[in-house]
Structure formats: C-alpha cells, structure tokens
Amino acid sequence: MIQIRTVLKVLDNSGPKTARCIGILGPPKKFATVGNKIVVAAEGKVYHGIVACCKVEKKRPDGSFVRIDQNGVILVESNGKPVGNRVFGVLSDRVKQPEILSLGRVKTI
Amino acid sequence: MNSQIRNIESAYIKDNIPSIQIGDLIKIGVFIKEGNKERIQYSEGIVISKHNAGINTTITMRRTLQGIGVERIYLIHSPKITSIKILKHFKIRRAKIFYIRNAKKLKEKI
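Think of each chain on its own: its residues are numbered from 1, step by step along the sequence as written. Both sets of labels track the order of writing: A upward for chains, 1 upward for ligands. The predicted nature of this model means local features are confined to residues of pLDDT at least 70 and side-chain atom pairs, given and counted, to a pLDDT of 80 or more, with totals for whole chains, interfaces and linings taken over all residues. Side-chain numbers come from the whole structure's heavy atoms, not from hydrogens or water.

As recorded in an unreviewed UniProt entry, chain B goes by the name Ribosomal protein L19, listed as coming from Galdieria partita. As its UniProt record puts it under Sequence similarities (unreviewed entry), chain B is described as follows: "Belongs to the bacterial ribosomal protein bL19 family." UniProt positions are given in the numbering used here, feature names are shortened, and annotations may be inferred rather than shown by experiment.

Chain A has the name Ribosomal protein L14 in an unreviewed UniProt entry, where Galdieria partita is given as its organism. Heading Sequence similarities (unreviewed entry) of the UniProt record for chain A holds this comment: "Belongs to the universal ribosomal protein uL14 family."

In structure tokens:
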C-alpha cells in the first residue's frame, strides 16, 4: 500500500538510494501496490517508478500471500525506459515489464 | 466448526501432511507453471505462525533472500502444494514468533 509521501528504496543503480512517492498514475486511487506505476521525487528530480516489492501482503491467484520486508521501486522515464541498467534485490512477480527483467540477474518472488 | 461444513471439507483435506509446529524449519514443494513448463519449486523457511481453520489452515513461512526477508503464507491443503518436509525443529515457547522479524542475529533469538 504505497501512498503519497511514502519513502521507497530504489532497487537499481540509477543513483538515488531512496525516493518519495508524490503521485499515483492511472485511474484515481489512494494506494498503489506491486506492479503499479507511480511518480517519485529523488534527489531533486522527478521520475516515474514501478513498485517492485511491498510490505503489505499481496494475494496470489492460488490463495497464497507474499510479503516482502521493504518497499522498493525501480525508476523509469516517462516513456517506460529504466533509468539504471542493473536491478538488485528481490522483486515481486507482478513486475513483468521485459525491459526491467532483462537488466541482469533478477530474483522474482 | 459446523458439522455440515466439516463433512464437505473432509473430502478435500489432505491426510499426508506432517504435524507442523511453530519453529519448524520446513521445506515446501509448490507446483508452478512457467509458460508451458510445469515443475516443482522447493523453498525452505521457518514457520512463524499457523492459523487453524479446517481446510483453510495456513502457515506463514519466513526466509531471507539476498538479505531481504520474505514471508509467504500457504494454504497447506491446497493441491498446488506437493510436499512438506520438516528439516529441523527449534524449541519455541510462543504460538506466533513475529519477534524474529526484528532479529539482527536469528540464532540468538531462537
């Protein structure tokens, strides 16, 4: 459940370590979850981001849940191209964009 | 629980599941499908909570991946769960051990 003012950890090597959510893209809603696109501010600049992992549990179609210990984001430009060129850590399997999954060895859970 | 619900559920409850306790280090095999390929994925972890609800009994399993803690909640009577094996048992005196989430050194806490 990512909302405005949430501080997320940046999971790629684009430069900033943390980013703050300043908006949620798509139809109007209060919370963003894994796989959603958000607007973040990091080190004085504004980027888009894809939420990669979330502390609140997410239900899978088979009835199981996944909960990851951090809120993570991957910075992308407005056209969807990732800012960094390597991704670290654990991602959720909702992150399906091929330009992100192709950035090196990524562990999806 | 209602006896009628229990009668309906009894057809689907698995009887080959080991008795899982809090503090068990278990290895669970889950049937996953990647595209057209089907395979069994094994994962190890420690059971930190168990919720008893008949066929909807769930266990929460915690493991550390690349330095980040991941918790998974499984419905143990699901047909997607192929095997549960208990590797080790740690003596725990609680019903839920959520305090290990803040543990810097896990062995000291357990």
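A.B. asks: Which residues make up the interface of chain B and chain A, and what values go with them?
C.D. replies: At the interface, 14 residues of chain B touch 14 residues of chain A. When the two sides are added together, the surface that chain B and chain A hide from each other amounts to roughly 1,300 Å², 54% of it contributed by carbon and sulfur. The largest contributions to the chain B side of the interface with chain A come from Ile68, Arg72 and Ile73 of chain B, which together make up 38% of the buried area. Note on definitions: salt bridges are taken to be side-chain nitrogens of Lys or Arg within 4 Å of carboxyl oxygens of Asp or Glu. In this structure, the connection of chain B to chain A is made through 2 salt bridges. For glutamate 71 of chain B, the salt bridge identified is with arginine 67 of chain A, shortest N-O distance 2.4 Å. In the analysis that follows, any N or O atom pair within 3.5 Å is treated as a polar contact, provided that within protein one partner can donate a hydrogen and the other can accept it, and provided that, for residues neighboring in sequence, both atoms belong to side chains. For the interface between chain B and chain A, the tally reads 5 residue pairs in polar contact (both at pLDDT 80 or more). Those elements that place two or more of their residues in the side of chain B that touches chain A are β3 (58-65) and β4 (68-75) of chain B. Residue contacts follow a heavy-atom distance rule, with two residues in contact if any of their heavy atoms lie within 4.5 Å. What counts as buried area is the accessible surface, traced by a 1.4 Å probe, that two parts surrender upon association, with contributions from both included. Here a helix means four or more residues in a row that DSSP labels H or I, a strand means two or more in a row labelled E, and each is numbered from the N terminus.

A.B. asks: I'd like a description of the nonpolar core, backed by residues and values.
C.D. replies: In these notes, a set of buried Ala, Val, Leu, Ile, Met, Phe, Trp, Tyr and Cys residues joined through side-chain atoms within 4.5 Å is what counts as a nonpolar core. Each residue is placed in one exposure class: buried if its accessible area under a 1.4 Å probe, protein chains only, is under 20% of its type's maximum, exposed if it is over 50%, and partly exposed if it falls in between. Ranked by size, the top nonpolar core spans 34 residues in total, and within it Ile2 and Ile38 of chain A carry the most contacts. Among the secondary structure elements, those contributing two or more residues to this core are β1 (7-10), β2 (18-24), β3 (37-42), β4 (45-53), β6 (65-68), β7 (72-76) and β8 (90-91) of chain A together with β4 of chain B. The biggest single contributor to this core is β4 of chain A, with 5 residues. In this structure, isoleucine 38 of chain A is in contact with Ile2, Leu8, Cys21, Gly23, Ile24, Leu25, Ala32, Tyr47, His48, Gly49, Val51 and Val73 of chain A, ignoring residues within four places of it in sequence.

A.B. asks: Please provide a residue-by-residue account of the sheet that holds strand β5 (residues 58-59) of chain A, values included.
C.D. replies: Adjacent strands of a sheet pair through backbone hydrogen bonds, lying either parallel or antiparallel. Pairing is antiparallel in the open sheet, where 7 strands are placed in the order β5(A)-β6(A)-β4(B)-β3(B)-β2(B)-β1(B)-β5(B). The open sheet has two edge strands, β5 of chain A together with β5 (81-89) of chain B, and neither has a second partner. At least two bridges found by DSSP between two strands is the condition for calling them paired.

A.B. asks: So what's going on with the confidence of the model for chain B? Residues and values would help.
C.D. replies: This prediction gives chain B a mean pLDDT of 90; 95% of its residues lie at or above 70. Model confidence for the complex: the whole-complex pTM is 0.88, and ipTM, which rates the interface, is 0.86. Values of pLDDT, ranging from 0 to 100, describe the predictor's confidence in every residue of the model.

A.B. asks: Got a sec to walk through the sheet that holds β1 of chain A? Specific residues and values, please.
C.D. replies: Residue and element names in this part refer to chain A. Pairing is mixed around the closed barrel formed by 5 strands, whose spatial order is β1-β2-β3-β4-β7. On average, adjacent strands in this sheet sit at an angle of 55 degrees to one another, irrespective of strand direction. Judged from the 3 bridges that link them, β1 and β2 form a sheet pairing that is antiparallel. Its bridge partner lying in β2, leucine 8 is registered against alanine 19. Comment: axis = line fitted to C-alpha atoms, over the contacting stretch for helices; angle = value between 0 and 180 degrees taken between N-to-C directions.

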